[in-house]
Amino acid sequence: MTAQILNGLIVGSMYALIAIGFTLVLGVLDRLNFAHTEVFMFGAFAGLLVIDAGFPWWLTLPFVMVVSGVIGLAVEFISFRRFEGDVRITAALSSLAVGLVMIDLTHKVWGTEPVGINVPNFVTTAGFTLFGIRVVYVQMLILAVTLALMAALHLLVSRTRAGRNIRAVADSPVAASLLGINVRRVTQDVFFVSSALAGAAGLLLAFRTGYANADVGLTFGLKAIAIMAIGGMGDMRGAVVGGLLIGVLESLTFQFGVGKLGELVVWVAMILVLLIRPEGLFGGGIHAKEVRA
Amino acid sequence: MPAGAEPAAPVLEVSELSKQFDGLRAVDGVSFTVLPGEILGIIGPNGAGKTVLINLVSGFYPATSGRVRLLGEDLSGLALHQIGRRGIARTFQNIRLFKRMTVLENVLVSDQRHARRPIRAFFAFGRQRAEIEKARRFIELMGLTARANQLAGTLPYGEARRLEIARALATEPALLLLDEPAAGMNEEETAELIADVRKARKLVMAVVLIEHDMSLIQALSDRVIAMDYGKVMAEGLPAAVLADPEVQRAYLGEEGDP
Amino acid sequence: MTVDYLFFTGVNILLAWSVYIVLLTGNLSFAQGAFMAIGCYAAGIMTTRYGVPFLAAVPAAMAISAAMAVVFGYPALRIRGIYLILVTVGLTFCVRIALENFSYTGGVGGLKGMSGATLWHLGGAILAVGALLYLLSRSPLQRILDAVREDDRVAASLGINLTYVKLFAFGAGAAIAGLAGALYGHYLIFVRPDNFDILVSIFVVLYVILGGVNNLWGPLLGATVMTLLPEFIRALQEWRPTVFGLAIIVMLLLRPEGLLSFRLTSARWSGDAGGR
């Protein structure tokens, strides 16, 4: 069972990474970026490009993050720039359409079957034993990277000037611009960071499974949005805790439950949370007030 | 009110109504009544709690404590639509019209025959002469006939306010609540508004009017309540309340001492 | 043009209308995949396992879809906006996963042996639903739905019971989606749970967005164009999602109201000579 929990934490940390990115855009910019899940999906393929070009596998991460960040900037430009003052739904739908295009283009270039990603064997199969559980290196890698990225994000937001600007915009874009903060620049920064995290998560998942799969956005990725709802929309802690929790619950359900009903866990949990406590586990932010009719 | 007349049953009875928001008591133990046929004015500086009070009475906010009774019936715990059906209609400080619907449609929505039975409303397709006539009468009352087929979102300010009143009146309420209907109006428009509110008074049992504009209050109100810090400060005939030193201080203090 | 494509177009038209009717109350539902699946499987199980005649199974399936919608909708309609959208997304996933995991419904392998749906049935369904939507647009109920969509609390203060109206729309939408599903299944003979996944829901919503949300013709146009056009233009067929996605993006930038953005005013009818 501990092995399952560990497994769940690994998966959960990837969920959390995706959810954090989504939450960042929602919490700071009050925008729903439905292309986020496909940026996550593409991370694996970006990594594939690096490895197939002959570069060492460990160089993939920074490259993927940058590429994903740039894609995020493009999404902001296409789907969100024009609709700054508008009803949120228009931008969200536009980003949804961008996501669809990304899936299709990926299918066209790489085919509809999952594509193997060449990670050295010792990472994916070798490992060590700790307290009687077998831990594979790739699991450690995932945990380490996600922790590092979350820590980096936290430092970014709390210690740097850019982070201060981000927090100011999160509080009130109008006040922030009155203070001389370039809100557009902050918007771009947030989209970049959010997408970079998503891409990183996509790459990590590919390392774990050994495949880049164009469909993960709609399966794995959408769950992160559900997790965000469970944790509380716009709340970082909620994204992390929610992700880990769901990861573990899913893992246990798969092990002890019936067939593939583990897939249901996140959706049932989300529906229950939204119906009973719509603000989510850590809710209470501005978004909470919008929830009740 | 004629001297010696028997006191009629109040249209609205508010008892010890309070609303607490996190740390702030926006409305604090407010009590008053509104008698049939009268226009009750409510004045007070910004932040006094007037709009919160209206929101409580009309059901837009749930009260923290206290009670509201309409025609003797307790409104506590009722949903918005139930309160609307019992006979309270209102306008909004920041004008909340159905912008993408026409003037006529805005007023037609209020028709209680359909509003209360939406499914049955489906079957009335085609045969709507009667309700359209009725709506047109309300529109005419507010002087909006020329704009009947215009989208509400395109109306100039003064007419948008009048449309809100028409829409509220079309529910045929017992009590009409007007939240700063004269805000942003010039003198000419304000004079028209006074006439409109007088027309409206004849169609309902009582009117509650929140206003900053003293000329409007004096011209229209039978009685006035002055609020500050969520409490009722003074109550009585308009002249008396406006002359009350506490009231003066609340207003003068807000505008800055001369 | 094959009969197949006409059939799929018709099914998509019904699905688009089912999203439209919920959209009329201001809610965007991504649950059409779920209700389509429920309608399809319910009707399919009735006809294949219990020998219920096709024409009786379809209305029953519609009723079951509507009932499920009301059951889920009742607590859910108390929440708004994105949260409600997420619940509908969750619903689609749950239904599909449930169908895959219960052998009663055939599991991943799917349900087979349904037959009996023809283009005539579909045509009739489209005419019926279209007529109902048309009558709706001329009735006071349309105004009530519009008011709820424009500003639901104000509509409530005018005496409109929001929960009732929204549930009605949600249930009606589910019934239409169930109808589409039942016809779909009985035409294809054989369906699998992944015929009803989240992409179906997403595509249908996008048909409606593309075609326009202001009247019943918009969804019809969006669904027809996106289903039939690829038949005529070979290149479109292969690149469908990309073309579709790009069309949506461009359209939202240029003309957010959709391709058909005129409004059919419900008060505008032959008796009304009023100044225009």
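Treat the numbers as computed from the prediction; the structure is a model and nothing was measured.

(A) The overall build of chain C, seen in detail. A count of helices and strands for chain C gives 12 helices and zero strands. For chain C, the sequential pattern of α-helices and β-strands runs α-α-α-α-α-α-α-α-α-α-α-α. Taking 2.2 N^0.38 as the reference for a compact globule, 276 residues should give roughly 19 Å; the C-alpha atoms of chain C span a radius of gyration of 19 Å, in line with that estimate. Seen through its principal axes, chain C has C-alpha atoms that stretch 60 × 45 × 35 Å.

(B) Fine view of the sheet that holds strand β2 (residues 24-34) of chain B. Residue and element names in this part refer to chain B. Taken together, the four strands give an open sheet; going across it, the order is β2-β1-β4-β5, and neighbouring strands pair in antiparallel fashion. Each of the sheet's edge strands pairs with one partner strand only, and the pair in question is β2 and β5 (73-74). With five bridges joining them, strand β1 (residues 12-21) and strand β4 (residues 65-70) adopt antiparallel strand pairing. Across the sheet, the residue bridging to S18 is S65, located in β4. Its contacts with the sheet put helix α1 (residues 50-58) on β1, β2 and β4, and the angle it makes with β2 is roughly 65°.

(C) Focus on the confidence of the model for chain C. Residue and element names in this part refer to chain C. When pLDDT is averaged along chain C, the result is 85, and 92% of the positions lie at 70 or above. The model gives residues 264-276 a pLDDT under 50, and that stretch makes 23 contacts with residues more than four places away or in other chains. What the predictor reports for the complex is a pTM of 0.87 with an ipTM of 0.88.

(D) Geometry of the sheet that holds strand β7 (residues 175-179) of chain B. Residue and element names in this part refer to chain B. Taken in spatial order, the six strands line up as β6-β7-β8-β3-β9-β10 in an open sheet, and their pairing is mixed. Strand pairing shows two members of the sheet lacking a second neighbour, β6 (88-90) and β10 (231-236), which therefore form its edges. Here the strands of the sheet are splayed against their neighbours by 20° on average, with no regard to which way each runs. Looking at chain direction, strand β3 (residues 39-43) and strand β9 (residues 223-228) are connected through four bridges and run parallel. Looking across to β9, one finds that I43 is bridged to A226. Helix-sheet contacts for α1 involve β3, β6, β7, β8 (206-210) and β9, and the interaxial angle to β7 is about 150°.

(E) Local environment of unusual backbone geometry. Residues and elements named next belong to chain B. Even without being glycine, I95 reaches a positive phi, approximately 45°. Checked against the element boundaries, I95 lands in the loop between β6 and α3 (103-109). Given 18 C-beta atoms within 10 Å, I95 falls into the partly exposed group. Phi is positive for E172, which is not a glycine, with a value near 55°. Along the chain, the position of E172 falls in the loop between α7 (157-169) and β7.

(F) Highlighting the interface of chain C and chain B. Residue-level contacts link 33 residues of chain C with 36 residues of chain B. When residues of the side of chain C that touches chain B are traced back to their parent elements, those giving at least two are α5 (119-137), α6 (140-150), α7 (152-157) and α8 (162-188) of chain C. Partitioned by chemical class, the residues of the side of chain C that touches chain B number 16 nonpolar, nine polar and eight charged.

(G) Summary view of helix α10 (residues 216-231) of chain A. Residue and element names in this part refer to chain A. The terminal C-alpha atoms of α10, which comprises 16 residues, lie 22 Å apart, in line with the 22 Å expected from a rise of 1.5 Å per residue. Of all the bends in α10, the largest measures some 25° and sits at L222. Taking burial as the measure, the 16 residues of α10 include 15 buried ones, the bulk of the element. Residue G232 follows α10 closely and has a positive phi angle near 115°.

(H) Representation of helix α9 (residues 183-209) of chain A within the structure. Residue and element names in this part refer to chain A. Between its first and last C-alpha atoms α9 spans 39 Å; for 27 residues at 1.5 Å apiece the expected length is 39 Å, and the two agree. The buried fraction of α9 is high, at 21 of 27 residues. Note on α9: the residue one or two positions beyond its end, G210, has a positive phi of about 85°.

(I) Structural context of the pairing of β8 of chain B. Residue and element names in this part refer to chain B. Buried residues dominate β8, accounting for five of its five residues. Burial along β8 is two-sided: A206, V208 and I210 and V207 and L209, pointing in opposite directions, are all buried. Sheet topology places β3 next to β8; four bridges connect them, and they run parallel. Bridging across to β8, G41 finds its partner in L209. Two strands pair when backbone bridges link them, and β7 and β8 are joined in this way by five bridges, in the parallel orientation. In the strand pairing of β8, L178 is matched with L209. In the classification by handedness, the crossover that spans β7, the intervening helix α8 (residues 187-203) and the parallel β8 is right-handed.

(J) Focus on the pairing of β1 of chain B. All names here are of chain B. Summarising the sheet, β1 and β2 pair through seven bridges and their orientation is antiparallel. Directly across from E13, in β2, lies its bridge partner T33. In this structure, the hairpin formed by β1 and β2 is closed by a connection of two residues, where D22 is found at a positive phi of approximately 50°.

(K) Structural context of the arrangement of the chains. The assembly contains two pairs of chains in contact; the pair sharing the most contacts is chains B and C. For the non-touching pair chain A and chain B, the nearest C-alpha separation works out to 11 Å.

(L) Just the packing of helix α1 (residues 2-29) of chain A against α9 of chain A, in detail. All names here are of chain A. Close contact between α1 and α9 brings their axes to 8 Å; oriented N to C, the two are set at 170°. For the element pair α1 / α9, the angle class is roughly antiparallel. Judged by the twist between their axes, the crossing of α1 over α9 is left-handed. Residue-level inspection shows M14, L17, I18, I20, G21, L24, V25, V28 and L29 of α1 in contact with α9, the latter providing T187, V190, F191, V193, S194, S195, L197, A198, A200, A201, L204 and L205. Among the residues making up the contact of α1 with α9, the classes are represented as 17 nonpolar, four polar and no charged.

Conventions and cut-offs
Residues numbered from 1 in each chain as written. Chains lettered and ligands numbered in written order. Predicted model: local features only at pLDDT ≥ 70, side-chain atom pairs only at ≥ 80, totals over all residues. Helix = DSSP H or I, 4+ residues; strand = E, 2+ residues; numbered from the N terminus. Rg over C-alpha atoms; globule rule 2.2 N^0.38 Å. Pairing = 2+ DSSP bridges. Contact = placed C-beta atoms within 7 Å. Axes fitted to C-alpha atoms, helices over the stretch in contact; angles between N-to-C directions. pLDDT = per-residue confidence, 0-100. Buried ≥ 20, exposed ≤ 12 C-beta atoms within 10 Å, placed from the backbone. Nonpolar A, V, L, I, M, F, W, Y, C, P; charged D, E, K, R; others polar. Expected span 1.5 Å × (residues − 1). Bend = angle between axes of the 7 residues up to and from the residue. Right-handed = clockwise from strand over helix to strand, strands pointing away. Parallel < 35°, antiparallel > 145°, perpendicular 65-115°, else oblique. Left-handed = near helix turned anticlockwise from the far one by under 90°.

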